[in-house]
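Fold and geometry: a report
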Amino acid sequence: MQEYKLFINGEWVDSETGEMFQDVNPATLETIAHLQKASAGDVQSAVDSAEEAFDSWSGTPAPLRAKILFRAARMLEERKEELSRLMTQEMGKILKEARGDVQEAIDMTYYAAGEGRRLLGETTPSELPNKFCLTVRRPIGVVGLITPWNFPLAIPAWKIMPALISGNTIVFKPASDTPLLSIELVKILTEAGLPKGVLNLVMGEGSTVGSEIVHNKSIRAISFTGSVETGKWILGEAGKDMKRVSLELGGKNPIIVMDDADMELAIDGVLWGAFGTTGQRCTAASRVIVHEKILPAFQKKLIDRTKKLKLGNGLDENTDMGPVINNSQLQKVSKYVEIGKEEGAKLALGGKPAQPLPGYFFLPTIFTDVSSDMRIAREEIFGPVLSIISTGSLDEAIDIANSVVYGLSSSIYTENIKNAFKAIEKLDSGITYINAPTIGAEIHLPFGGVKATGNGTREAGTTSIDEFTEIKTVYFDYSGRLQKAQIDVE
Ligand code: UN1
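Some words on the pattern of salt bridges
Once their charged atoms are close, side chains differing in charge can pair, the charge on each being opposite to the other. Counting across every chain of the model gives 26 salt bridges. The salt bridge partner of Lys301 is Glu264, with a shortest N-O separation of 2.6 Å. Taken together, the residues Lys301 in helix H10 (residues 295-307) and Glu264 in helix H9 (residues 263-275) connect sequence positions 37 residues apart. The partner of Lys426 in a salt bridge is Glu425, with the nearest N and O atoms 3.9 Å apart. For Lys426, a relative accessible area of 42% puts it in the partly exposed group. Sharing partners across several salt bridges, the network here consists of Arg79, Glu82, Glu184 and Lys187.

Written out as structure tokens, the structure reads:
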């Protein structure tokens, strides 16, 4: 059995305590790796090495930093299939989706590398003569990155690549359920020429490793993707030290299907949005709000199509849906099914673990007759559970869509341009799709949400550079005399 260590100051090292944890394939329940568990002291060593590396890395011209990223992107491309297979074994998502996850990391790496020749600031005229105004970007310093298990390579890349190209050094904690892809990413970046200390990997528990990252005074920014509960805690704790915090938290993403929608297209979208990645995306569609005029036909077709989804090991190319990540997630999904039944929703499909498969498989589940005040319609389940809610009008559908605490992604299926524009204007979410499901974000556009989904920052796209840079405003006075802004100008 392969054993993996922490990566600190350019070396693979044992943790202080020597404690280990296991990485389990959720489709077979086989242990696939043993890993070292970091302590708070190990995090401190990682921080020390990131601090040490900062001067030299931030002083390296960004186009030269970019060369390393371009090389890493090419290596990711060459190893795409192997990494995808590893991801399916570690995380459970089907191979086709694992390839998408790896591709998202490749895209992000190329994109961030390209930013090495941009990292744009502004120039603008001064109100005074012979004076020049501009902004430049500077790295923040040592940043702490904490990533989830549902996108084991894409989300680390969303955070690591923009942080690196901007000149920051990193202490990185991947999710304990999926550390292997992060380890491979660190190896690739190192082989591509990343200097020692620039990227440090510490695996282990949130309560020790995560907590030390959040509290360590030398870490100046935190980027976290995960639960609202943890995100709120991080914001509060890191806020005490005035750290920059970027949060990408939960969702309860709705798809509205109007009576004028292309029904087949909407069904394709709902299936992919709700059951893709076994519903374990922040962007997963967990509510579908359907116009009452088409509800019976829509429900029947959707249930018929969902019944045909093939569960199994994602390595089998014929599988449509893999397992959930672990036992506690399986228990959580089961608990929500019970809650839904108690609340009076009608369990139309699924609702239980898919025995006798050996892994953490749960049947694709559909509740009908759901009202918008039920917990299954309001709380994030993060599993293959879809609630169907009936609506009489677009206004009502939008009210229902907006009635939850989250606001990541939303979608509307309609052939009516007025409905589409109204949805764009009124839906409270960071992302809105028209005639496409709630998942499918592309890396060169901002990604993030409103309300409890985040704290106003956006990842990916040009906003990924905003996340990891400080802006300095520069006033360059070449008049040779004292000029007073606001005062010399009448
Ligand atoms: C997430 O679930 O946290 O749009 C990220 C999507 C993917 C990214 C999801 N490209 O579903």
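Text resumes after the structure shown.
Let's talk about the site of the ligand
Lining the immediate surroundings of the ligand are 13 residues, of which Arg281, Cys282, Thr283, Gly440 and Ala441 lie closest. Glu104 places a side-chain nitrogen or oxygen 3.0 Å from a nitrogen atom of the ligand. Within the backbone of Cys282, a nitrogen or oxygen atom sits 2.8 Å from an oxygen atom of the ligand. Protein contacts shield 98% of the accessible area of the ligand, which totals 320 Å² for the unbound molecule. Of the residues belonging to the shell around the ligand, the class tally is seven nonpolar, three polar and three charged.

Details of the domain arrangement of the protein
Split into domains, the protein comes out as domain 1 (3-249) and domain 2 (253-434). On the domain 2 side, the residues contacting the 24 residues of domain 1 number 26 residues. Around 2,000 Å² of area is buried between domain 1 and domain 2 when both sides are counted, 63% of it from carbon and sulfur atoms. The interface formed by domain 1 and domain 2 contains one salt bridge. With a shortest N-O distance of 2.9 Å, Arg99 and Glu317 are connected by a salt bridge. Our enumeration of links across domain 1 and domain 2 arrives at seven residue pairs in polar contact (both at pLDDT 80 or more). Looking at the side of domain 1 that touches domain 2, the elements that each hand over two or more residues are helix H3 (80-91) and helix H4 (95-115). Top element by residues in the side of domain 1 that touches domain 2 is H3. It accounts for five residues. Partitioned by chemical class, the residues of the side of domain 1 that touches domain 2 number 10 nonpolar, seven polar and seven charged.

How each quantity is defined
Residues numbered from 1 in each chain as written. Predicted model: local features only at pLDDT ≥ 70, side-chain atom pairs only at ≥ 80, totals over all residues. Heavy atoms only, no water. Salt bridge = Lys/Arg side-chain N within 4 Å of Asp/Glu carboxyl O. Helix = DSSP H or I, 4+ residues; strand = E, 2+ residues; numbered from the N terminus. Buried < 20%, exposed > 50% of the residue type's maximum accessible area, 1.4 Å probe, protein only. Near = heavy atom within 4 Å. Polar contact = N/O pair within 3.5 Å; in protein donor to acceptor, adjacent residues only side chain to side chain. Areas by Shrake-Rupley, 256 points an atom, 1.4 Å probe, with all protein chains shown as cover. Nonpolar A, V, L, I, M, F, W, Y, C, P; charged D, E, K, R; others polar. Domains from an automatic or database assignment. Contact = heavy atoms within 4.5 Å. Buried area = accessible area lost by both parts, 1.4 Å probe.

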